[in-house]
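# Descriptive analysis of the structure
Below are the chains, spelled out letter by letter.
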Amino acid sequence: MYKLIEGKKIADQVKAEIKQEVSDIREKGGKIPHLAAILVGHDGASETYVAYKQKDCSQVGIESTLFHYEDDLSEADLLAKIEEINRNEEIDGLIVQLPLPEHISEQKVIEHINPGKDVDGFHPVNVGRMVIGLPAYISATPAGILELIKRYKIDTVGKTCVIIGRSNIVGKPLSILLSQKKYPGNATVTVCHSRTKDLALTARNADIIVAALGQAEFLKSDMVKEGAVVFDVGITRVPSENTKSGWKLIGDVKFDEVAPKASFITPVPGGVGPMTRVALLKNTLLAAKKEIYS
Ligand code: GUN
């Protein structure tokens with residue numbers, strides 16, 4: 001019988017811990033953490049994500065400010081806004097919601113954010129520091145998965161781990177973190193992607209599988225060995241008549257088939273997603289406390 005990794009429940013616990021810490025800071029007259037988010041345009045999913053992030057902040061007592069611009073905002077104006085926020089001592093963390101309109105270079109934007117305020121952990125300085133094991137902001141989804149591994153005391157030492165997907169914000173950083181010489185880590189990591197030959201054979205060898213390719217119900221039971229630990233990062237939106245919003249989320253794992261073979265597995269929704277959200281709060285708290293860059 002598999003054990004469900006209850007991301008929502010753990011995220012609520014972590015949120016309560018953060019709320020307590022913010023409240024302690026407030027009582028001592030310290031600096032209340034403050035997150036700024038920049039959103040350009042009106043992409044529905046992006047608007048939803050940013051609204052969630054603001055709601056999360058208010059639930060734990062973190063201040064947040066949204067800078068929302070029309071999609072004809074010039075790249076130069078966006079960069080100027082980022083520089084202004086970089087200089088603003090009131091703001092501890094800054095995220096620029098992606099994707100951006102085509103006329104704006106995402107890489108240029110990311111590189112403009114002060115690494116000390118880059119609570120998304122996307123800046124090359126943070127990525128580089130993470131790679132060599134220096135204190136750094138870790139991007140939210142890998143950080144959330146590591147937290148779940150810790151809280152469920154999942155053994156990673158010497159385990160074979162297969163990560164499906166090589167994105168800069170999930171697959172790539174997670175592959176590095178899980179092979180680091182500390183816990184959670186010391187795993188033997190293989191990254192699979194669209195050009196991998198016989199992915200099923202590779203995945204079937206894994207003690208831990210992370211499905212992060214963004215393809216609904218990709219991971220089937222014949223790709224999973226008995227007793228594997230399975231993390232599902234997928235969040236494909238599909239229309240649904242049974243929800244108020246008119247859509248529902250589908251993971252990258254065919255849950256009903258895979259769960260009976262797994263030892264631990266995350267559901268979608270309520271698995272990795274809530275931990276991703278909470279990781280941003282943790283990074284914002286770290287930013288306010290100047291724990292990564294003093
Ligand atoms: N778009 C999708 N995921 C993310 C994220 O984690 N941060 C930002 N800034 N944009 C995103």
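This one's a predicted model, so the numbers in the text were calculated from it and none came from an experiment.

## Looking at helix α10 (residues 272–288)
Helix length check: α10, at 17 residues, gives a terminal C-alpha distance of 25 Å against a target of 24 Å (1.5 Å per residue), a fit within 8%. When you tally the buried positions in α10, you get 12 out of 17 residues, the bulk of the element. Buried within α10 we find V272, P274, M275, V278, A279, L280, L281, N283, T284, L285, A287 and A288. In this structure, the buried side of α10 is in contact with α1 (7–27), β2 (34–40), α2 (44–60), β4 (93–96), α6 (140–151) and β8 (229–232). Note on α10: the residue one or two positions beyond its end, K290, has a positive phi of about 50 degrees.

## What about the pattern of salt bridges?
Side chains that differ in charge, positive against negative, can pair when their charged atoms come close. Taken as a whole and assessed by the stated rule, the structure comprises 15 salt bridges. Across the pair K289 and E21 runs a salt bridge, and its minimum N-O distance is 2.3 Å. In this pair, K289 is assigned in the segment after α10 and E21 in helix α1, connecting sequence segments 268 residues apart. Owing to a relative accessible area of 34%, K289 belongs among the partly exposed residues under this scheme. Here E21 falls in the partly exposed class, since its relative accessible area comes to 30%. Ionic pairing is found between E90 and K31, a salt bridge with its closest N-O pair at 3.9 Å. Residue E90 is found in the loop between α3 (75–87) and β4, and its partner K31 is found in the loop between α1 and β2; the two are separated by 59 residues along the sequence. Note on K31: relative accessible area 31%, which makes it partly exposed.

## Remarks on the site of the ligand
Neighbouring the ligand are the residues K53, V96, Q97, L98, D120 and F122. Within the contact set of the ligand, a nitrogen atom lies 3.3 Å away from a side-chain nitrogen or oxygen of Q97. In this structure, a nitrogen atom belonging to the ligand sits 2.7 Å away from a side-chain N or O atom of D120. Its free accessible area being 270 Å², the ligand has 76% of it covered by the protein chains. By residue class, the composition of the shell around the ligand is 3 nonpolar, 1 polar and 2 charged.

Reading the values: the criteria
- Residues numbered from 1 in each chain as written.
- Predicted model: local features only at pLDDT ≥ 70, side-chain atom pairs only at ≥ 80, totals over all residues.
- Heavy atoms only, no water.
- Helix = DSSP H or I, 4+ residues; strand = E, 2+ residues; numbered from the N terminus.
- Expected span 1.5 Å × (residues − 1).
- Buried < 20%, exposed > 50% of the residue type's maximum accessible area, 1.4 Å probe, protein only.
- Contact = heavy atoms within 4.5 Å.
- Salt bridge = Lys/Arg side-chain N within 4 Å of Asp/Glu carboxyl O.
- Near = heavy atom within 4 Å.
- Polar contact = N/O pair within 3.5 Å; in protein donor to acceptor, adjacent residues only side chain to side chain.
- Areas by Shrake-Rupley, 256 points an atom, 1.4 Å probe, with all protein chains shown as cover.
- Nonpolar A, V, L, I, M, F, W, Y, C, P; charged D, E, K, R; others polar.

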